[in-house]
Amino acid sequence: MSKAREWIELHRRYLATTTHDPENLPLVVERGEGVWLYDVDNNRYLDFSSSISVNNLGYPSHPEVIKAAVEQLGRLGHAAGTDFYNPYQVQLAMKLVEETPGDFPKKVFFGNSGTEANEAALKIAKISTGRPLFISFIGGFHGRTHGTLALTASKSVQKKRQFPWMPGVFYAPYPNPYRNPWNIDGYEHPDELVQRVLEFIEEYIFDKLAPPEDFAGIFFEPIQGEGGYVVPPRGFFRELEKLARRHGILLVDDEVQMGLGRTGRMWGIEHFGVAPDILTTAKALSGGLIPIGATVFRAELDFKEAGMHSNTFGGNALASVVGIKVLEIVKSLLPHVRELEGLFRDELGRVKEEFSKVGDVRGLGLAWGVEFVSDKKTKKPDVEARNRVVREALKRGLVILGCGKSSVRLIPPLTISEEEAKIGLGLFREALKAAL
Ligand SMILES: Cc1ncc(COP(=O)(O)O)c(C=O)c1O
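Residues numbered from 1 in each chain as written. Predicted model: local features only at pLDDT ≥ 70, side-chain atom pairs only at ≥ 80, totals over all residues. Heavy atoms only, no water.

Participant: Sorry, what's going on with the packing of helix α7 (residues 190–209) against helix α8 (residues 236–247) here?
Facilitator: Interaxial distance between α7 and α8 falls to 9 Å at its minimum, and their mutual angle equals 25 degrees. Between α7 and α8, the angle falls in the class roughly parallel. Note on packing geometry: the crossing formed by α7 with α8 is right-handed. In this structure, α7 contributes Val194, Gln195, Val197, Leu198, Ile201, Glu202 and Phe206 to the contact, and α8 contributes Phe236, Glu239, Leu240, Leu243, Arg246 and His247. (Axes fitted to C-alpha atoms, helices over the stretch in contact; angles between N-to-C directions. Helix = DSSP H or I, 4+ residues; strand = E, 2+ residues; numbered from the N terminus. Parallel < 35°, antiparallel > 145°, perpendicular 65-115°, else oblique. Left-handed = near helix turned anticlockwise from the far one by under 90°. Contact = heavy atoms within 4.5 Å.)

Printed below as a string of structure tokens:
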């Protein structure tokens, strides 16, 4: 038996069942170098997953992030960031305020994950508006605690035996150009698709289900990640913003997966020209080294009294220093990500033409989704084909992850070179040939 299989057996004996899939992705990682991962049997893989957009700066992290972290470890790792004061979290907060959209005063709450960042956003929205209800989008993922689980609507298994989750969330269809309830071709008719979604919110949710003045916030991902790397029409968020402003509802932008350079801009929402009232981030802010989550919000929405919300590790010195360095480096990589976008767009466009089971290809920057269908006319999702592609890619030394019902995401570290990107796209094509 390979060492990998032995570790997988032990893992299954001692660890809780989560999202591991030993059939499609039997990868036991021992170490990483740049964009390459090595497993316990010393096999080498090119990583097109960034560990779900956490290792945006590669493995084990960017050398400058490691240097900053090691220096900080010699000074201070943690000292009650929520009870004492420390300069590091203030510096990171200032940087986040500067780097997020919106020319208005902002404040930051620090936690340890994307889920916590969204949980804080829920509380901030409820407290500041005094309203109890929320809207989120079908296909969206925002976490798995009882508050954020209520917002999540990407796979029903996530909610199995959990009812009641937080009450008061209403779901709207996301403007998915390829697959939507109205069978509109959203690439050909983006405005019509946007209008249908807005009508759904106004005419179904607000007219029939609950009055708009009871809604605190609308949660969204600028591009749906777990839902399948779905890019909405460019005009969508501006229209959503108008609707939200009309009714005094806050826009909550979940950038946990799409933020920090993934789409070629610092934040996904920058492609859509909207400044959200609350923005959440996590994953890549960690540099792949230490968990962190941050909720950046209009200053006037702040918690009204000390103690209404807090935690233990939020704003710890080490994570803050890492986060500052990550922001600096991601900013310097944005032109590189935008340059590589064309390579992915062209090659995946060709793939869509050539393979009858590739129904849709969409993406921005280094955030690409490829959806598999049994036939391009019926668009019936082909989950088996997707799983075969993931397996065949791994056999060839390329790590990709599934998303949505029958899609894969191609999301390499932003530090990937053009040559490495070409190698990865070549391996992907070979995997498609073997699997489809
Ligand atoms: C968009 C989005 N929001 C929230 C989360 C939850 O983040 P975490 O797993 O760090 O709690 C995720 C995780 O995949 C995500 O993709």
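Next comes the rest of the account.
Participant: Sorry, what's going on with the sheet that holds strand β13 (residues 398–399) here?
Facilitator: Adjacent strands of a sheet form backbone hydrogen bonds with each other and so pair up, either parallel or antiparallel. Pairing is mixed in the open sheet, where 4 strands are placed in the order β1-β2-β3-β13. Of all strands in the sheet, those with a lone pairing partner are β1 (29–33) and β13, marking the two edges. (Pairing = 2+ DSSP bridges.)

Participant: I'm lost on a nonpolar patch on the surface in this one. Help?
Facilitator: Taken together, the side chains of Trp7, Leu10, Tyr14 and Leu15 present a nonpolar region at the surface, about 470 Å² in accessible area. When you line up the elements, tyrosine 14 lands in helix α1 (residues 3–14). (Patch = residues over 30% accessible without salt bridge, like charges linked within 9 Å, V, L, I, M, F, W, Y side chains within 5 Å. Areas by Shrake-Rupley, 256 points an atom, 1.4 Å probe, with all protein chains shown as cover. Salt bridge = Lys/Arg side-chain N within 4 Å of Asp/Glu carboxyl O.)

Participant: For this particular structure, what's the right way to read the layout of surface pockets?
Facilitator: By rolling a water-sized probe across the atoms, one finds the places where empty space is left. Its boundaries defined by the atoms lining it, the second largest pocket holds a volume of some 720 Å³. What lines the second largest pocket is a set of 27 residues, among which Gly81, Thr82, Gln89, Val108 and Phe109 lie closest to the centre. Elements supplying a minimum of two residues to the lining of the second largest pocket: α4 (87–99) and β4 (106–111). In terms of residue count, α4 provides more of the lining of the second largest pocket than any other element does, 5 residues in total. Classifying every residue of the lining of the second largest pocket by side-chain character gives 13 nonpolar, 9 polar and 5 charged. (1 Å grid on protein atoms, 1.4 Å probe; cavity = no way out; pocket = protein on both sides within 12 Å on 5 of 7 lines; lining within 4 Å. Points joined across faces, edges and corners; volume = space filled by probe spheres on them. Nonpolar A, V, L, I, M, F, W, Y, C, P; charged D, E, K, R; others polar.)

Participant: Please clarify how the domain arrangement of the protein should be interpreted in this entry.
Facilitator: It is common to report an interface's size as the accessible area lost on association of the parts. When cut into domains, the protein gives domain 1 (3–61 + 335–435) and domain 2 (65–330). Distance from the C-alpha centre of domain 1 to the C-alpha centre of domain 2: 25 Å. Contacts between the two partners involve 36 residues from domain 1 and, on the opposite side, 35 residues from domain 2. On the surface where domain 1 and domain 2 come into contact, there are 2 salt bridges. In this structure, glutamate 371 and arginine 179 form a salt bridge, with 2.7 Å as the shortest nitrogen-oxygen distance. At the boundary of domain 1 and domain 2, one finds 20 residue pairs in polar contact (both at pLDDT 80 or more). At the level of elements, α2 (50–53), α9 (317–354), β11 (358–364), β12 (367–372) and β15 (407–410) are the ones that each hand at least two residues to the side of domain 1 that touches domain 2. (Domains from an automatic or database assignment. Polar contact = N/O pair within 3.5 Å; in protein donor to acceptor, adjacent residues only side chain to side chain.)

Participant: Would you explain the pattern of salt bridges in this entry?
Facilitator: Oppositely charged side chains can form a pair if their charged atoms are brought close together. Across all of its chains, the model carries 23 salt bridges by this definition. In this structure, the salt-bridge partner of glutamate 99 is lysine 331, at a minimum N-O distance of 3.1 Å. Remark: lysine 331 occurs in helix α9 and glutamate 99 occurs in helix α4; sequence separation between them is 232 residues. The class for glutamate 99 is buried, based on a relative accessible area of 11%. A cluster of three or more residues bridged by salt bridges with shared partners is formed by Arg179, Asp360, Arg362 and Glu371. (Buried < 20%, exposed > 50% of the residue type's maximum accessible area, 1.4 Å probe, protein only.)

Participant: What exactly am I supposed to notice about the sheet that holds strand β6 (residues 169–172) here?
Facilitator: Strands sit in the order β4-β10-β9-β8-β7-β5-β6 across an open sheet of 7 strands; the sheet is mixed. The sheet is open, and its two borders are formed by β4 and β6, each paired with just one other strand. Each strand of the sheet is rotated relative to its neighbour by a mean of 20 degrees, with strand direction disregarded. Inspection of the sheet shows strand β7 (residues 215–220) paired to strand β8 (residues 250–254) by 4 bridges, in the parallel sense. Looking at the pairing, phenylalanine 220 lines up with aspartate 253 of β8.

Participant: Help me understand helix α3 (residues 63–73) in this model?
Facilitator: Helical geometry note: an α-helix holds 3.6 residues per turn, so side chains three or four residues apart project in the same direction. Among the residues making up α3, those that are buried are Val65, Ala68, Ala69 and Gln72. When α3 is viewed along its axis, its buried side chains cluster within an angular range of 100 degrees and face the same direction. Residues of α3 that are exposed and point over 90 degrees away from its buried face: Pro63, Lys67 and Val70. Residues of α3 that are buried in the fold lie against α4 and α9. (Arc of directions from axis to C-beta.)

Participant: Where do I start with unusual backbone geometry in this structure?
Facilitator: A cis amide bond links tyrosine 59 with the next residue in sequence, proline 60, at an omega value of -15 degrees. Summarising the element assignment, proline 60 is placed in the loop between α2 and α3. For the bond from phenylalanine 163 to proline 164, the omega torsion is 5 degrees, close enough to zero to count as cis. Relative to the assigned elements, proline 164 resides in the loop between α6 (146–151) and β6. Of note in this structure, asparagine 183 is not a glycine but carries a positive phi near 50 degrees. Looking at the element boundaries, asparagine 183 is found in the loop between β6 and α7.

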